[in-house]
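Fold and geometry: a report
Below, each chain spelled out in residue letters.
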Amino acid sequence: MALAMTSSSPQPPPPSHRRRRRPHPAAPTPNANSKPKPRAKALPLLSDVGVGRDPSAIKYYARVASNLAGAGRLRDFLLAAEGLRAAAGDDPSFAARISARLLSRGVAAAVRDRGLPHVLEFLRDAQRVRVPAAEMLDADASDAVAAACRMVLEERRMAEFVEVVEALARYGFYVQGIVNPMDVLKIFVKKHDPDMAIRYARIFPNSQLLLCNTMEAFGKRKELKSALTVFGALKGQLGGINMFACRSVIDICGHCGSSVQARIIFEGLLADKITPNTYVFNSLMNVNAHSLSYNLSVYKHMQNLGVAPDLTSYNILLKTCCNAREFNLAQEIYEEMKKKECDGLLKLDVFTYSTMMKVFADAKMWKMASNIKEDMQAGGVRLNLVTWSSLINAYANSGLVDRAIEILEEMIRDGCQPTAPCFNIILTACVKSCQYDRAFRLFYSWKKSGIKISLSPEQKICLDGGAFTFCKEYPSNGSTTLMVPFRPTVTTYNILMKACGTNAERAKSVMNEMRRNGLCPDLISWSILMDIHGTSQNRDGAVQALRRMQRIGIRLNVSAYTVAIKACVANKDLKLALHLFDEMKTHQLKPNLVTYKTLLTARSNYGSLQEVQQCLAIYQEMRKAGYEANDYYLKELIVEWCEGVLSSGSDNRDFYNLDLQPKRKESFNLFLEKVVTVLQKDVDQNQIVDVRGLSKVEARIVVLSVLRKIKEQYLLGTAVQDDVVIITGHEKTSRTEVETSAVDVEHAIVTVLTDDLGLEVLIGPGSHLPVLANPKAPTKSRSNLQVPTNFTRPQGVIKIPVNSLNHWLKKKAARD
C-alpha cells in the first residue's frame, strides 16, 4: 500500500540499507528567474519500509497519522492506521503513540464542520482498526460531541437523539455526561411514549433505577397503561425483578384507581414463585383499603408465606376497618396490637392512635375515643393535630358541641395550634344539629377576638417559644390570657351558607362577605346556593346561579349539574332538567347515581309515549354505566302507563302485586329489553311482539305497552297498516317463584285482549280461527274462548287482525 503526502509533510527517516535516489539526468534545469514549484512526494510502501522491524518507523507513522487527525482528515487517519496495523502485525504500541490532543482537535473540528453523523462513522471505523478513539478524546472534544447531542435534543428530534446516544455508548463514549437521563425520560413521559423511554433508559448501567423513576413519573400523570409497559420491561431485564419496582407499580395502580390491576400484579408474582416482602404486601393492602374481605385474605396469605407483618400492616388493617365501618373488628385488631406492644414486638405510633380515634369518631363513640387519648398519654405518645381533630370530631358527631369546644381549648393548652378545620368541625356539628344561630354566633365571636384561654404560670412556661400570642397578664394571680386567632376559609363560609336553610338572600350575603375577606366562592359555594334556590322552589334562581358559574370561569362538574337538575325536578320542570342532563353529557361529564335517580323519580306518572321513551332511555343508560336503580319503581310506572289503554286500570292491582315484588332482579333485564324494543318501533312497521321468557304479568305489560303506543300514534294521525303478532312460544320460565308455562302466558294475553279490550284475536300460526270478544259479560275463565271442544289449539302465536285494531281505535277515539 502506498500513501501520498505533500512536501510539507515530515519525511521518514532513511533506512540504512537503502541509498538516496539521484535526480533523473533528463530532468530540466530550473530557470533562475522562476520559482521552483513544490512537488508532492509519496510515502514509501509500508512493506518496503519494514515497520515491524524498525520501531522508529512506528513512531514516525504514528506522528503522521496524528497530524492527519489534527488536520481534520479523519478518513486519511483511519487509512494510515489500518495500513500500519496490518504491516506491523497488530502491534498495540501504534495506538498508544497517537496524539490524543491532535485526535481530539480533529474530532472537535469534524463535529463543527461536518456534524455528528460523520463523527459517529469515524468512531465506528476507529473501532474496526482497534484505535480507542472515544477513550482518547479530551474534554474539549467530548464537550463538542455532547453539545451537538444537546442541540439535537433541544430541537426535539428525539428518535435521532436516542440513536446517537446509543451509538456513542457502543463506541465507549461517556454518555452520562451529555445530559441528565431523567430530563430526557421526562420528555418521553410528557410525549406518552413509554417504548422510547425504555429504549433510552436501557443505554445506561443504572437502567433499573431509571425505569423505576420513569414508571413513577407515568404513575403521577395517571397513565397506568404506560406505567405497566415500563414495569413489563423491568421484569424482562436480566437479574430478576426487584421488590421496589413491585411496590412502586402497586402504589401506582392505587393512585390511578385500579385496585384490580394491583391484584393481578400480585397474583402474577405468586404465579412466578416470587415471595413478596412486607412492603409489597403493605402497598397491596393500602390500595385495597376499601375491601375488608380482600385485605383480610391478603393478611392471612401473608402469614401463610411466613412474611411478618409490621406496624404499617396493622395500621392499614385498621384503616380498612374504618372504611368498612367495622368498629368491633378494629377494636379486636387494636387490642392485638396492644398485646404485641406489651410483648415488645411492636411500638404503637401516633398513626395507630389517630386511626382508632377516627374509627370511634365515625361511630359516634366519644367515650371510646377518650379512652384512646388516655392510652396515648400512658404510652408517652403526644397527640398531634390529626389526633386532636379526630377527638373533636368524635364529640361533634355525637352532638356534644360544648364538649367539642372544651377539647379544642385543651388542645391549645397542650401546645397544639388549631387550624381552620378544627373550628369547621364544631360549626358543622352546629349545622347538623340545626343550631344555625349558634353557628353564626360562634363564627362571629371567633372571627372578632379568636379564642381566649386563661393559662396558669406553669402552662405559660410550657407554651413559651411557640406560635401563640399572650395578650394580657393579671398580676394578682399571675395568670395569662392566651389568644388564638381564627382565620376562616372558603370551607368555613360554605358551612355558614348551609346554616342559612332556605334563605337564599342570607346565603348571598355570606358569599359577599367571603369576597370582602379576600376569598373567592368555589364550586361548592355555588352548589349550596343552587340547592337553597331549589329547596325554596326558585328554579330560575338555581339556573341563574349555574349560568353565573359558567360566566365567571368556574369549571362545572357532575355535582353542580346534579344540583341544578334537582332544583328543576323539585319545581316539576322535567323538560329543563333533561336539557341540563344533555348539556352535562355534551361537556363530557358522566352522570353519577344521584343524577340518574333524580331524573328517574321526577315523575309519578307518564302522560305520553315520548315521556316513557325518555325514561327508558335514561334507565338503559344508567344500567350500562354500571349503576343499579329501583326496578320495582320503574316497573310500576310502566304498568300505570300501559294500563291507560283500559277503561279502568285499578281493577287489576291484585293481579300485578303477585309479580311486582323485586324477588329476582335479573328478571327485569329481559322485561325491560322487550319493552324498549316494542316502544322504539314505528307503527307502520311489522308489529311483532316476542314475549317468550316473560311471566304472564310481564307479558301482559309488554302487550299493553304496544297497544298504548298504537293508540297514541293513531290519535296523532298515524293509522295501523298491519296485524299485531304476539309470539308466546312453548318453553317454561322459572324466573319467578312459581313456574309459568307458555299456556298461562297465552291465556293471560288473550284474556286482556278479548275481555278487557274487546279485540278479536287469532290463535296459532296460520290459523284463521277467531277468538271473539264478549264485552257484555267479561270473564277471565277459559270458557269465554269460543273454540270447539274437539279442536286442538296450536300454541305459540297470537294475532290481532288489523281490522279489529282499527275498529277498536275508532271506538277509543270517539270515547276519549
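Residues numbered from 1 in each chain as written. Predicted model: local features only at pLDDT ≥ 70, side-chain atom pairs only at ≥ 80, totals over all residues. Heavy atoms only, no water.

So, the pattern of salt bridges
Overall, the coordinates contain 22 salt bridges when judged by the stated rule. Where Glu121 meets Arg124, a salt bridge forms, and the shortest distance between an N and an O atom there is 3.8 Å. Here the residue Glu121 and the residue Arg124 both occupy positions in helix 6 (residues 116-128), the gap between them amounting to three residues, near one helical turn. In this structure Arg124 comes out as partly exposed when scored by relative accessible area, which is 43%. Its salt-bridge partner being Asp402, residue Arg438 comes within 2.3 Å of it at the nearest N-O pair. (Salt bridge = Lys/Arg side-chain N within 4 Å of Asp/Glu carboxyl O. Helix = DSSP H or I, 4+ residues; strand = E, 2+ residues; numbered from the N terminus. Buried < 20%, exposed > 50% of the residue type's maximum accessible area, 1.4 Å probe, protein only.)

Let's talk about the pairing of strand 6 (residues 687-690)
Here strand 6 shows one buried face, formed by Gln687 and Val689, and one open face, formed by Ile688 and Asp690. Relative to strand 7 (residues 724-727), strand 6 runs parallel, the two sharing four bridges. Counted as the bridge partner of Gln687 is Val724 from strand 7. Handedness of the strand 6-helix 38 (residues 696-715)-strand 7 crossover: right-handed. (Pairing = 2+ DSSP bridges. Right-handed = clockwise from strand over helix to strand, strands pointing away.)

Quick look at unusual backbone geometry
With a phi angle near 55 degrees, Arg156 is a residue other than glycine that sits in the positive phi range. Considering the arrangement of structural elements, one finds Arg156 in the loop between helix 8 (139-154) and helix 9 (158-170). The phi angle at Gln588 is positive, at roughly 60 degrees, despite the residue not being glycine. One can find Gln588 in the loop between helix 32 (574-586) and helix 33 (593-600).

Quick notes on the packing of aromatic side chains
For the structure shown, the criterion picks out 16 aromatic pairs. The interplanar angle of 70 degrees and the centroid separation of 5.8 Å between the aromatic rings of Trp446 and Phe486 together place this pair among those described as edge-to-face. Note that Trp446 is positioned in helix 25 (residues 436-449) and Phe486 in the loop between strand 5 (480-484) and helix 27 (490-498), a separation of 40 residues in sequence. A relative accessible area of 6% means that Phe486 is categorised as buried. Centre to centre, the rings of Tyr596 and Tyr627 are 5.9 Å apart; their planes meet at 50 degrees, and the pair counts as tilted. Remark: Tyr627 occurs in the loop between helix 34 (609-624) and helix 35 (631-642) and Tyr596 occurs in helix 33; sequence separation between them is 31 residues. The class for Tyr627 is partly exposed, based on a relative accessible area of 29%. Among the aromatic side chains, those forming a connected cluster through ring pairs are Phe423, Phe440, Phe443, Tyr444, Trp446, Phe486 and Tyr493. (Phe/Tyr/Trp six-rings, centres within 6.5 Å; stacked < 30°, edge-to-face > 60°.)

Some points on the nonpolar core
Phe77, Phe161, Leu168, Ile178 and Tyr200 are the most contacted members of the largest nonpolar core, which has 197 residues in total. Top element by residues in this core is helix 31 (residues 558-570). It accounts for nine residues. Look past the residues within four positions of Leu168 in its chain and what remains in contact with it is Leu120, Leu123, Val145, Cys149, Phe173, Val175 and Ile178. (Core = buried A, V, L, I, M, F, W, Y, C linked by side-chain atoms within 4.5 Å. Contact = heavy atoms within 4.5 Å.)

Let's talk about the state of the cysteines
All told, the structure shown has zero disulfides when counted by the stated rule. Counting only cysteine sulfurs, Cys256 is the nearest neighbor of Cys253, a cysteine outside any disulfide, at a range of 7.0 Å. Residue classification places Cys253 among the buried positions, given a relative accessible area of 0%. (Disulfide = S-S within 2.5 Å.)

Here we look at the environment of Ile565
Here Ile565 is to be found in helix 31. The buried category is assigned to Ile565, whose relative accessible area is 0%. C-alpha separation for the pair Ile565 and Arg539, spaced 26 residues apart in sequence, amounts to 9.5 Å. Apart from residues lying up to four places away in sequence, Ile565 is in contact with Ala577, Leu580, Phe581, Thr595, Thr598 and Leu599.

Looking at the UniProt feature "repeat: PPR" (unreviewed entry) in the protein
The UniProt feature table records "repeat: PPR" (unreviewed entry) at residues 310-344, 349-383, 384-418, 419-453 and 557-591. Annotation note: span residues 384-418, helix share 74%, strand share 0%, distance between end C-alpha atoms 10 Å. (UniProt positions renumbered as here; feature names shortened; annotations may be inferred.)

Here's the deal with the pairing of strand 10 (residues 797-800)
Pairing between strand 7 and strand 10: four bridges, direction antiparallel. Following the sheet pairing, Val725 is matched in strand 10 by Lys799. Pairing analysis gives two bridges linking strand 8 (residues 761-763) to strand 10, with the strands arranged antiparallel. Residue Ile763 lies in a different strand from strand 10, and its bridge partner there is Ile798.

Overview of the environment of Thr562
As for its position among the elements, Thr562 is in helix 31. A sequence separation of 30 residues divides Thr562 from Asn592, and the C-alpha atoms of the two residues are 8.5 Å apart. Look past the residues within four positions of Thr562 in its chain and what remains in contact with it is Asn592, Val594, Thr595 and Thr598.

Comments concerning helix 14 (residues 243-255)
Relative to the 18 Å expected for 13 residues at 1.5 Å per residue, helix 14 spans 18 Å between its end C-alpha atoms, a close match to the ideal helical length. Of the positions making up helix 14, those classed as buried are Ala245, Cys246, Ser248, Val249, Ile250, Ile252 and Cys253. Where helix 14 is buried, its residues meet helix 12 (207-220), helix 13 (224-236), helix 15 (259-271) and helix 16 (278-287). Its side-chain oxygen at 3.2 Å from the backbone nitrogen of Phe244, Asn242 defines the N-terminal cap of helix 14. (Expected span 1.5 Å × (residues − 1). Polar contact = N/O pair within 3.5 Å; in protein donor to acceptor, adjacent residues only side chain to side chain.)

Overview of the packing of helix 18 (residues 311-324) against helix 20 (residues 350-362)
Direction vectors running N to C along helix 18 and helix 20 enclose 10 degrees, while the axes themselves pass 10 Å from each other. Of the possible angle classes, the one that applies to helix 18 and helix 20 is roughly parallel. In this structure, helix 18 uses Leu311, Asn315, Leu318, Lys319 and Cys322 to contact helix 20, whose residues at the interface are Phe351, Thr352, Thr355, Met356, Lys358, Val359 and Asp362. Taken together, the residues of the contact of helix 18 with helix 20 break down into six nonpolar, three polar and three charged. (Axes fitted to C-alpha atoms, helices over the stretch in contact; angles between N-to-C directions. Parallel < 35°, antiparallel > 145°, perpendicular 65-115°, else oblique. Nonpolar A, V, L, I, M, F, W, Y, C, P; charged D, E, K, R; others polar.)

As for a positive patch on the surface
There is a patch of like positive charges on the surface, built from Arg156, Lys186, Lys190, Lys191 and Lys220. Position of Lys220 relative to the elements: it lies in helix 12. Under the relative-accessibility criterion, Lys220 is labelled exposed at 69%. (Patch = residues over 30% accessible without salt bridge, like charges linked within 9 Å, V, L, I, M, F, W, Y side chains within 5 Å. Areas by Shrake-Rupley, 256 points an atom, 1.4 Å probe, with all protein chains shown as cover. Lys, Arg positive; Asp, Glu negative; His and termini not counted. Charge placed at Lys NZ, Arg CZ, Asp CG, Glu CD.)

Some words on the side chain of Asn424
Along the chain, Asn424 falls in helix 24 (residues 420-432). Residue classification places Asn424 among the buried positions, given a relative accessible area of 7%.

Some thoughts on the packing of helix 5 (residues 100-114) against helix 8
Two elements in contact, helix 5 and helix 8, have axes separated by 8 Å at closest approach and are oriented at 20 degrees. Relative to helix 8, helix 5 is oriented roughly parallel. Here the hand of the crossing between helix 5 and helix 8 comes out left-handed. Counting all contacts with helix 5, which are made through Ser104, Val107, Ala108 and Val111, the residues of helix 8 involved are Ala141, Ala144, Val145 and Ala148. Tallied by class, residues from the contact of helix 5 with helix 8 come to seven nonpolar, one polar and no charged. (Left-handed = near helix turned anticlockwise from the far one by under 90°.)

Here's the deal with helix 21 (residues 366-378)
When the terminal C-alpha atoms of helix 21 are compared, their 19 Å separation across 13 residues agrees well with the 18 Å that a helix rising 1.5 Å per residue should span. Taken together, the buried positions of helix 21 are occupied by Ala369, Ser370, Ile372, Lys373 and Met376. The arc that holds every buried residue of helix 21, seen down its axis, measures 150 degrees, which confines them to one face. Seen from the buried face of helix 21, the exposed residues on the opposite side, beyond 90 degrees, are Lys367 and Ala378. Phi turns positive one or two residues past the end of helix 21, at Gly380, with a value near 75 degrees. (Arc of directions from axis to C-beta.)

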